[in-house]
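Commentary on secondary and tertiary structure
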Amino acid sequence: MKFYAEEPAAVPDLFTLPALREAQRTGAILQSTALFFDTDKSLHFRLAGLNAIMPYEECADGITEGSVRDIAIITRVGRGACFVVKEIDESGSEPKLILSRAEAQRRCKAEYIDTLEPGTIISCVATHIESFGVFCDVGCGISALLPIDCLSVSRISSPADRVRTGEKLLCIVRSRDAQGRLVLTMKELLGTWQQNADLFHVGMSVTGIVRSIEEYGVFVELAPNLAGLAEYDNRLVPGDAVSVYIKSILPDKMKVKLVLLSRLARPDVPPPLHHFITEGKVEHWVYSTPNAKKQIETTF
């Protein structure tokens, strides 16, 4: 069974009562929109024209132990939530549905997340951004952390410079923290220095993003895993978009020399990510060129 991330927006109700009965029988994991959170701390849904309730203790695995805060449940209102149909009581005039997100999460952990090894490429969804990294839904609302230094080789001031909330991402399982939660990385999928440099040629004029300004020059990101150095310009600030001329590309030194051409309008959203690896498992990744003094690599 595949375990999907919860949808960041409302999910259409396409269920029928027979389909819900079958889902209860098979234990299928479904997803629908949480309509409201009541004073008894239960989530409410409308499935196949019927009211459905998710009691507080069923809203998340760990909610009763205190490892999940109420805010994580409240913020699901108006968004998709995964669940299994725990009970359908048809003794009254209208069937009563009891749902469990906690059970869906326990199954996702046991059958999927706990089986993942370091180096495995997985899909996930960015749910919210902090200064130190991105929290991602790796399945059924279960979070994993993508630290800021794992987003790319090129340094950024905020994860929002690289991804946006609700974006579907490809990541690699880097490790697990002390609580067994996944820690992710993404930079190894975005290409080595040489792979990125091969996309550019001396004499080209291209656009880039200013990432840092030093006394000796301006670092301009040409791709998430490739930056070049241009002459110092005190009119620029990090985050500015610029056009540059590629003066030289030096693989042995892993350097790209640039000439600033003009300042451009800042982009509204981060540019799309280009992945050089999209599936399978990564055992070892070397970013640096063979003769470079500084060797950047990852072993999973």
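Now for a quick tour of the structure. Computed from a predicted model, the values in this text were never measured in an experiment.

Here we come to the nonpolar core. In terms of nonpolar packing, the biggest core is built from 29 residues, with Val138, Leu146, Leu169, Leu182, Leu184 and Met186 touching the most fellow members. Contributions of two or more residues to this core are made by strand E5 (80-89), helix H3 (101-111), strand E7 (121-130), strand E8 (133-137), strand E9 (143-147), strand E10 (168-176) and strand E11 (182-185). The residues touching Val138, leaving out its near neighbours within four places in the chain, are Phe3, Tyr112, Ile113, Ile122, Cys124, Ala144, Leu182 and Leu184. Ile172, Leu189, Trp193 and Val244 belong to the second-largest nonpolar core, a separate cluster that totals 28 residues.

Turning our attention to the pattern of salt bridges. On inspection of all chains with the given rule, the structure shows 19 salt bridges. The residue Glu111 makes a salt bridge to Arg107 at a minimum N-O spacing of 3.3 Å. Of this pair, Glu111 and Arg107 both sit in helix H3, 4 residues apart, which is roughly one turn of the helix. The exposure class of Glu111 is partly exposed, given its relative accessible area of 43%. Each of Asp61, Glu103, Arg106 and Lys109 takes part in salt bridges that share partners, so that together they form one network.

Now for the environment of Ile142. Inspection of the secondary structure puts Ile142 in the loop between E8 and E9. What makes Ile142 buried here is its relative accessible area of 11%. Measuring from C-alpha to C-alpha, the distance between Ile142 and Asp89 comes to 29 Å, with 53 residues separating the pair along the chain. Beyond its immediate stretch of four places on either side in the chain, Ile142 contacts Gln105, Cys108, Lys109, Ile113, Cys136 and Asp137.

Among the residues of H3, Arg101, Ala102, Ala104, Gln105, Arg107 and Cys108 are the ones counted as buried. Taken together, the buried residues of H3 touch strand E4 (50-54), helix H2 (70-74), E5 and strand E6 (96-100). Where H3 starts, the residue carrying a side-chain oxygen 3.0 Å from the main-chain nitrogen of Glu103 turns out to be Ser100.

Strands sit in the order E1-E5-E6-E4-E3-E2 across an open sheet of 6 strands; the sheet is mixed. Edge positions in the sheet fall to strand E1 (30-33) and strand E2 (36-37), since each of these pairs with one other strand and no more. Of the pairings in the sheet, the one linking E1 to E5 comprises 4 bridges and is antiparallel in character. Bridging from a neighbouring strand, Thr33 pairs with Gly80 of E5. Against the sheet, helix H1 (residues 17-26) contacts E1, strand E3 (43-47), E4, E5 and E6, and its axis sits at roughly 90° relative to E5. Strands in contact with H3 are E4, E5 and E6; relative to E5, the strand with the most contacts, it is inclined by about 115°.

Next up on the list: the packing of aromatic side chains. Counted by the stated rule, this structure contains 5 aromatic pairs. Aromatic side chains Phe132 and Phe135 sit 5.9 Å apart centroid to centroid with 90° between the ring planes, which places their arrangement in the edge-to-face category. Where Trp285 meets Tyr287, the ring centres are 5.9 Å apart and the plane angle is 45°; that geometry is what we call tilted. Just above the ring of Tyr56 sits the side chain of Lys41; from NZ or CZ to the centre is 5.3 Å.

Each regular strand shows side chains that alternate between the opposite faces of the sheet. With 5 bridges connecting them, strand E12 (residues 205-214) and strand E15 (residues 241-250) associate as antiparallel partners. Each residue of the ladder has a partner; that of Gly208, found in E15, is Val242. Strand direction decides the pairing type here: E15 and strand E16 (residues 255-264), joined by 9 bridges, are antiparallel. Paired with Leu250 across the bridge in E16 is Lys255. The hairpin turn running from E15 into E16, its antiparallel successor, is 4 residues long, and Met254 in that turn takes a positive phi close to 50°.

About the thresholds
Per chain, residue numbering runs from 1 following the sequence as it is written. This being a predicted model, a pLDDT of at least 70 is required before a residue's local features are given, and a value of 80 or more before pairs of side-chain atoms are given or counted; all residues contribute to the totals for chains, interfaces and linings. Side-chain numbers here rest on the full set of heavy atoms in the structure, without hydrogens or water. Residues belong to one nonpolar core when they are buried, are Ala, Val, Leu, Ile, Met, Phe, Trp, Tyr or Cys, and are joined through side-chain atoms within 4.5 Å. Burial here depends on accessible area, computed with a 1.4 Å probe over protein chains only, as a share of the maximum for the residue type. Under 20% is buried, over 50% is exposed, and the range in between is partly exposed. Secondary structure elements are taken from DSSP: a helix is a run of H or I of four residues or more, a strand is a run of E of two residues or more, and numbering for both begins at the N terminus. Residues count as neighbours in contact if any of their non-hydrogen atoms are within 4.5 Å of one another. Every case where a carboxyl oxygen of Asp or Glu lies within 4 Å of a side-chain nitrogen of Lys or Arg is listed as a salt bridge. Distance and chemistry together define a polar contact, namely a pair of N or O atoms within 3.5 Å, with one atom able to donate a hydrogen and the other to accept it when in protein, and with adjacent residues in sequence counting only for side-chain atoms on both sides. In short, DSSP must find at least two bridges between two strands for them to pair. Working convention: axes come from line fits to C-alpha atoms, limited for helices to the stretch in contact. Angles between N-to-C directions cover 0 to 180 degrees. Here a Phe, Tyr or Trp ring, Trp counted by its six-membered ring, pairs with any other such ring whose centre lies within 6.5 Å, and the pair is stacked when the planes are under 30 degrees apart, edge-to-face when over 60, and tilted otherwise. We call a charge positioned over a ring when the NZ of a Lys or the CZ of an Arg lies within 6 Å of the ring centre and within 35 degrees of the ring normal.

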